[in-house]
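# Results of the structural survey
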Amino acid sequence: MKRVIGIVSGLSLLAVGADGAAAYAGEAAPGERPSSAPRASVVWGPCGEGKKPGEGSGGEARGVECGNVRVPLDYRTPGGQTIQLALKRVRGTASRDHNHLGVLLVNPGGPGASGLDLGPQVAAALPAEVAARYDVIGFDPRGVGSSEPALTCVDAKKYYEPPRLDAVPANAAEERALVNRARGYAQACANRWSWMLPHINTENSARDLDVIRMALGEEKISYLGYSYGSYLGAVYATLYPSRVRRLVLDSVVDPAGRWYESNIAQNHAFERRHADFLAWVARHDDVYRLGADARAVRFAWYSMRDRVRRRPAAGVVGPSELDDTFMIAGYTATVWPQLAEAFSGYARRGETRGLVAAFRQHGENDAEDENNYAVYLSVQCRDAPWPRDWRRWHADMTASHRSSRFLTWPNAWYNAPCAFWPERGGTPVPIKSSPKLPPILMLQSERDAATPYAGALRMRRVLPSARLVTEPGGNHGVSLGGNTCVDRHLVQYLRDGSLPGGRARTSGTLPDLKCPGVPAPRPAAAQAGGR
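Basis of the calculations
- Starting from 1, residues in each chain are numbered consecutively following that chain's sequence as written.
- Local features in this predicted model are restricted to residues of pLDDT 70 or higher, and side-chain atom pairs are both shown and tallied only at a pLDDT of 80 or more, whereas totals for entire chains, interfaces and linings draw on every residue.
- The basis for every side-chain value is the complete set of heavy atoms in the structure, and neither hydrogens nor water enter the calculation.
- In this text, helices come from DSSP runs of H or I with a minimum length of four residues, and strands from runs of E with a minimum of two, each type numbered from the N-terminal end.
- Under the scheme applied here, a residue whose accessible area is under 20% of the maximum for its type counts as buried, over 50% as exposed, and between as partly exposed, the area being computed with a 1.4 Å probe on protein chains only.
- In this description, accessible areas are obtained by the Shrake-Rupley approach with a 1.4 Å probe, and a residue is regarded as covered only by the protein chains that are shown.
- In this analysis, the expected span of each helix is defined as 1.5 Å times one less than the number of residues it contains.
- The contact rule is simple, with two residues in contact once any of their heavy atoms fall within 4.5 Å.
- Think of a polar contact as two N or O atoms within 3.5 Å of one another; within protein, one of them needs to be a possible hydrogen donor and the other a possible acceptor, and neighboring residues in sequence only count if both atoms come from side chains.
- Only Phe, Tyr and Trp rings take part, Trp by its six-membered ring, and two of them pair if their centres are within 6.5 Å. Stacked means planes under 30 degrees apart, edge-to-face means over 60, and tilted covers everything else.
- The rule is short: NZ of Lys or CZ of Arg within 6 Å of the ring centre and within 35 degrees of the ring normal puts a charge over the ring.
- The criterion for strand pairing is that DSSP finds at least two bridges linking the strands in question.
- Only C-alpha atoms enter the line fits that serve as axes; for helices the fit covers just the stretch in contact. Angles between N-to-C directions range over 0 to 180 degrees.
- The criterion for a disulfide is a pair of cysteine sulfur atoms lying within 2.5 Å.
- A pairing counts as a salt bridge when a side-chain nitrogen of Lys or Arg comes within 4 Å of a carboxyl oxygen of Asp or Glu.

The helix and strand tally for the protein stands at 18 helices and 10 strands. Counting only residues that meet the buried cut, the protein has 60% of its 531 residues in that class. Summing over all exposed atoms, the protein offers an accessible surface of approximately 20,500 Å²; the carbon and sulfur share of this is 50%.

Another point: helix α10 (residues 294-310). Spanning 17 residues, α10 covers 25 Å between terminal C-alpha atoms, matching the ideal 24 Å at 1.5 Å per step. When α10 is considered as a whole, its buried residues turn out to be V297, A300, W301, Y302, M304, R305 and V308. Next to the buried residues of α10 lie α8 (259-283), α11 (319-326), α12 (336-349) and α13 (353-363). You can read the cap of α10 off the contacts: a side-chain oxygen lies 3.1 Å from the backbone nitrogen of R295, and it is on D293.

Under the definition given, this model contains 26 aromatic pairs. Arranged with centres 5.4 Å apart and planes meeting at 55°, the rings of F270 and Y331 form a pair that is tilted. Of the two residues, F270 is situated in helix α8 and Y331 in the loop between α11 and α12; the sequence distance between them amounts to 61 residues. Like F270, the residue Y331 is buried in the burial classification. Among the aromatic residues, ring-to-ring pairing joins F277, W280, Y288, W301, Y302, F326, W336, F343 and F406 into one connected group. The aromatic ring of F420 is capped on one face by R183, whose charged end is 4.5 Å from the ring centroid. A cation over a ring is seen here: R405 above Y302, with NZ or CZ 3.7 Å from the ring centre.

As a further point, take the pairing of strand β3 (residues 82-90). Here β3 lies mainly inside the structure; eight of its nine residues are buried. As defined by bridge partners, strand β2 (residues 64-72) adjoins β3 across nine bridges and the pair is classed as antiparallel. If you follow V71 over to β3, its bridge partner there is I83. With five bridges connecting them, β3 and strand β5 (residues 135-140) associate as antiparallel partners. Its bridge partner being in β5, L87 is matched across the sheet by F139.

Let's shift gears to the environment of G474. When you line up the elements, G474 lands in the loop between β9 (466-471) and α18 (484-496). As a C-alpha pair, G474 and G330 span 144 residues in sequence and 7.4 Å in three-dimensional space. Discounting chain neighbours no more than four positions away, the residues touching G474 are R273, G330, Y331, S445, R447, D448 and A449.

We now examine the sheet that holds β3. Taken together, the nine strands give an open sheet; going across it, the order is β2-β3-β5-β4-β6-β7-β8-β9-β10, and neighbouring strands pair in mixed fashion. In this open sheet, the two edge strands, each paired with only one partner strand, are β2 and β10 (513-514). Against the sheet, helix α7 (residues 228-239) touches β4 (103-107), β6 (221-226) and β7 (244-250), its axis set at about 145° to β6.

A few words now on the state of the cysteines. By definition, a disulfide links the sulfur atoms of two cysteines through a covalent bond. In the structure shown here, the tally under the stated rule is four disulfides. Two residues share a disulfide in this structure: C153 and C189, whose sulfurs sit 2.1 Å from each other. Looking along the S-S bond of the C153-C189 disulfide, the torsion reads about 115°, which is the right-handed sense. Taken together, the residues C153 in the loop between β5 and α4 (156-159) and C189 in helix α5 (residues 172-193) connect sequence positions 36 residues apart. With respect to burial, C153 and C189 carry one shared label: buried. The disulfide partner of C485 is C515, and the gap between their sulfur atoms is 2.0 Å. The disulfide joining C485 to C515 has a torsion of about -65° about its S-S bond and is therefore left-handed. In this pair, C485 is assigned in helix α18 and C515 in the segment after β10, connecting sequence segments 30 residues apart.

Right, let's get into the side chain of S404. With respect to the element layout, S404 can be found in the loop between α15 (390-403) and α16 (408-415). Given the relative accessible area of 2%, S404 is considered buried. Here S404 is in contact with N267, H268 and E271, once residues within four sequence places are set aside.

The tally for this structure, following the rule as stated, stands at 25 salt bridges. Residue R164 is joined to D324 by a salt bridge in which the shortest nitrogen-to-oxygen separation is 2.9 Å. Here D324 lies in helix α11 and R164 lies in the loop between α4 and α5, a separation of 160 residues in the sequence. Comparing R164 with D324, the two get one shared label, buried. As a salt-bridge pair, D389 and R391 come within 2.8 Å of each other at their nearest N and O atoms. Given the relative accessible area of 35%, D389 is considered partly exposed. Taken together, the salt bridges that share partners define one network made up of D166, E174, R305, R309 and D323.

Backbone torsion omega between G110 and P111 reads -5°, so that peptide bond is classified as cis. Here P111 shows up in the loop between β4 and α2 (118-125). Omega for the peptide link from P162 to P163 comes to -10°, which places this bond in the cis form. Considering the arrangement of structural elements, one finds P163 in the loop between α4 and α5. For R289, which is not glycine, the phi dihedral falls at a positive 55°. As for its placement among the helices and strands, R289 is situated in the loop between α9 (285-288) and α10. The phi angle at A314 is positive, at roughly 55°, despite the residue not being glycine. Mapped onto the secondary structure, A314 falls in the loop between α10 and α11.

The quantities given are spatial measurements derived from coordinates; they are silent on function.
In structure tokens form, the structure reads like this:
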């Protein structure tokens, strides 16, 4: 479940009165008030392997620099305790006088994902003449990765040791055990981080972005945010509309949703995308031999899940590990051949090697994942209200599971610590437009499971200066992923701020422009169980 945004899926929101930032909610452009925080600065230096940003030298590509910036822990007391954010920059080479467009901050989502390496990745993927016009900067948000302090709540090796309890409880006793696991994680975070948890939320992360802007000496920033990063960008644009030069929202989070309700909606979107995967396997029955229609392949899938529940594959891959591994198929179709081969090998011949290898690559969690998870929950649980009565969860998940078996209960347990979180959630920041905002580019897959298409349509209605470009597939994270049409519009927008032509749509279900999709993957040439 490490990739479920709740991630929604990346979804939204903020706690009123919890922090100084929240006290401003509801006022016109509150974030544009002059900051009373001491002016931060960034000292850039070489990035060193195993060293903190700004120290030593290492193997980064030429032009990549690392640095830190200090931000207020609590924006009510901006001159008080500070924490440190880690940054990584690819410095643009264009003339600073005429051709340079300032900074492009990039964020991969989560919440809780490290963004340090995304800066160099985006800079390398853009055409050289566009990358040269920006300082492309990745960063670790508060609590994440190389930022200090970095949250961790439990011993990751023990917490994630496979095989874990089945996420789909067969009886009340199994459900109680899973509830206790969620409660225990929340308590462990409270024991370690009671001083910091009140101050981790989306609004404070947005205010951190503006501290970074000021520390860099920039009047405006450009921003590219994926998944939950799209929501962070929308919050920043709400608070600081005159500070935005370009804004790209990729795989867009629903601005109207609450995390709890949005995760239930996500269950159904993942069910649909899992069905797409099973149908693809059926179309290649000559290779995988699991059934010639999706119904037969679905039967084979749940037979495999029941089998590893009784006896985990190689003593490692039980049903929860299986769910974690195959969930990645809802994010990208590029893994479908690998997962289908592992599925076929185990279901038809009892081979465990492929299944274990897929788990090690896509489903296994380590200390970095536990840090991501701790921050994910810290943001989610703090941002918005969550039911505190487990009977509500049980009733809602039981209903959701009837139609969406694939992800309902795994997704529920991933988010369940919010039912016991020491800091209660508050009121989301209301995303809203401003005449100060520039034209905005939104990118979306129409069958995205993590951030469903309906959320992108709602975001477009809230931000009428936006244009929505879609592709018909289900890949999560559209730009710079191989769709040349999408990338062409991204590059054009970053180059000169222009959007696809025509009058903007502010209602309905159609995008402003629909790109062709990327071809479906093909089975690998040498498939086990094949011809």
